[in-house]
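Topology and contacts: notes
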Amino acid sequence: MQVNITLRKIENPTPSVDSVYAAGVQHDATLNAEECAPAIAAYLKVTPAQVKAAWRVFAAGLKRQAALGNQSTVDGAFRVTDAVKGWFQTMTSPWDKSRNFLQVNATVIDPLKSAIGTATVVNRTEGAKPSVDSVLDTLTGKTDEIVIGNPLYVAGKDIALDSEKSDEFVALRSRKSGAVVARATVTRSDNQTIDCVFEGVAVEPGEYVFVVQTRSGLGEDFGVAAATRVVKVVG
């Protein structure tokens, strides 16, 4: 059995960590009672009408017991109980409808609770979509106009990369052929910025595609994505 999940970035409570992601189960569909009835009927070898009738009787029984303040237990599935919400000022405070109310809660119990305990979980999140907003030559102070050998400060989104991986890098590509003409040495990166320099390479002046190829820190379960920007190399 396989359960698919997807991740989304959330506000990070730990400043020392670049990213925090919360997971949610990826559902193929959300079915209402009308849509579920035929599938359940086929499994039980009864008619959809019989399934719907049983649901109505079952739901009415749960509602009646809840209205009486009783707990209902559906063996192997869930327990339904009434819960008191709100606060009281003293041990003998009367019920105050302005701040107290009753709520019906359902608690899943075994074996339904453990039904997916052995499932294989697969991360189906699409890779991040990095972008490069600017490439600053820190010695000349010019943006998107660089001198080979000068330190560069790159700003963008989701551009953290692992320079130990051969397919994650910063490079210059030819605008005509798309071929990599030079790779940069990355000295530091996070999700928003990169420090790098093109060292020991000869690049003719002209316009090139500056590319950051990265997994954005999501790990090897994801393919690389490329963020690009046109820059000018000057002598």
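Residues numbered from 1 in each chain as written. Predicted model: local features only at pLDDT ≥ 70, side-chain atom pairs only at ≥ 80, totals over all residues. Heavy atoms only, no water.

**Observations concerning a nonpolar patch on the surface**
Defined as follows: Distance thresholds for patches are 9 Å for like charges and 5 Å for nonpolar side chains (Val, Leu, Ile, Met, Phe, Trp, Tyr), applied to residues having over 30% relative accessible area and no salt bridge. Exposure was quantified through the Shrake-Rupley algorithm and a 1.4 Å probe, taking into account, for residues, occlusion by the shown protein chains and nothing else. We define a salt bridge as a side-chain nitrogen of Lys or Arg found within 4 Å of a carboxyl oxygen belonging to Asp or Glu. Secondary structure elements follow DSSP: runs of H or I no shorter than four residues count as helices, runs of E no shorter than two count as strands, and numbering proceeds from the N terminus. Working definition: with a 1.4 Å probe on protein chains only, accessible area under 20% of the residue-type maximum means buried, over 50% means exposed, and in between means partly exposed.
On the surface, a nonpolar cluster with roughly 510 Å² of combined accessible area is contributed by V84, F88, W95, F101 and L102. Along the chain, the position of W95 falls in the loop between β4 (78-85) and β5 (101-108). The class of W95 is partly exposed, set by a relative accessible area of 42%.

**Re the packing of aromatic side chains**
Definition in use: Side-chain rings of Phe, Tyr and Trp, where Trp is taken by its six-membered ring, are said to pair if the distance between their centres is within 6.5 Å; with planes under 30 degrees apart they count as stacked, over 60 as edge-to-face, and otherwise as tilted. We call a charge positioned above a ring when the Lys NZ or Arg CZ atom is no farther than 6 Å from the ring centre and deviates by at most 35 degrees from the ring normal.
Tallied over the full model, the rule gives three aromatic pairs. Here F198 and F210 contribute two aromatic rings whose centre-to-centre distance is 6.3 Å and whose plane-to-plane angle is 85 degrees, an arrangement assigned as edge-to-face. Remark: F210 occurs in strand β14 (residues 206-214) and F198 occurs in the loop between β13 (193-197) and β14; sequence separation between them is 12 residues. For the cation-ring pair, R99 lies above W87, with the distance from its terminal atom to the ring centre recorded as 4.3 Å.

**Some points on the sheet that holds strand β6 (residues 120-123)**
What counts here: In this analysis, strands are considered paired if DSSP registers two or more bridges between them. Between N-to-C directions, angles cover 0 to 180 degrees, with each direction set by a line fitted to C-alpha atoms, over the stretch in contact for helices.
Spatial ordering of the open sheet is given by β2-β1-β6, a layout of three strands whose pairing is mixed. Of all strands in the sheet, those with a lone pairing partner are β2 (20-25) and β6, marking the two edges. When strand polarity is set aside, the average angle formed by the axes of neighbouring strands in this sheet is 40 degrees. As paired strands, strand β1 (residues 2-10) and β6 are joined by four bridges and run parallel to one another. Bridge assignment links N4 to a residue of β6, and that residue is V122.

**Some points on the nonpolar core**
Rules: In plain words, nonpolar cores are sets of buried Ala, Val, Leu, Ile, Met, Phe, Trp, Tyr and Cys residues tied together by side-chain atoms within 4.5 Å.
Residues V170, L172, I194, C196 and F210 are the most contacted members of the largest nonpolar core, which totals 22 residues. Those elements that provide at least two residues to this core are β7 (131-137), β9 (152-157), β10 (169-174), β13, β14 and β15 (225-234).

**Considering the pattern of salt bridges**
Pairing of side chains with opposite charge becomes possible as their charged atoms draw close. One pass over the full model with this rule turns up 10 salt bridges. Notably, a salt bridge pairs R188 with D190, separated by 3.1 Å at the nearest N-O pair. A salt bridge links R188 to D195, with the shortest nitrogen-to-oxygen separation between them at 2.8 Å. On the basis of relative accessible area, R188 is assigned to the partly exposed category, the value being 31%. With relative accessibility at 24%, the residue D195 sits in the partly exposed group. Linked by salt bridges that have partners in common, D167, E168 and R215 make up one network.

**A closer look at helix α1 (residues 33-44)**
As a reminder, the rule being used: A helix is expected to span 1.5 Å for every residue after the first.
Taking 1.5 Å per residue, 12 residues should reach 16 Å; α1 reaches 16 Å between its end C-alpha atoms and fits that length. K45 occupies a position one or two residues after α1 and carries a positive phi of about 60 degrees.

**Things to note about the pairing of strand β11 (residues 180-183)**
Two strands pair when backbone bridges link them, and β10 and β11 are joined in this way by three bridges, in the antiparallel orientation. Considered in β11, the bridge of A171 is made with R183. Linkage of β10 to β11, two consecutive antiparallel strands, is achieved through a turn of five residues, within which G178 is found at a positive phi near 80 degrees.

**As for the sheet that holds β9**
Read from one edge of the open sheet, four strands run β7-β9-β13-β12, paired in antiparallel fashion. Looking along the sheet, the strands with just one partner apiece sit at the ends: β7 and β12 (185-189). Ignoring strand direction, the axes of neighbouring strands in this sheet form an average angle of 25 degrees. Looking at chain direction, β7 and β9 are connected through six bridges and run antiparallel. Bridged to S131 within β9 is K157.

**Points about the side chain of S93**
This is how it is decided: Pairs of N or O atoms within 3.5 Å make up the polar contacts considered here, provided that, within protein, one atom can donate a hydrogen while the other can accept it, and that residues adjacent in sequence are counted only when both atoms are side-chain atoms.
By secondary structure assignment, the location of S93 is in the loop between β4 and β5. A polar side-chain atom of S93 sits 3.4 Å from the main-chain amide nitrogen of Q89.

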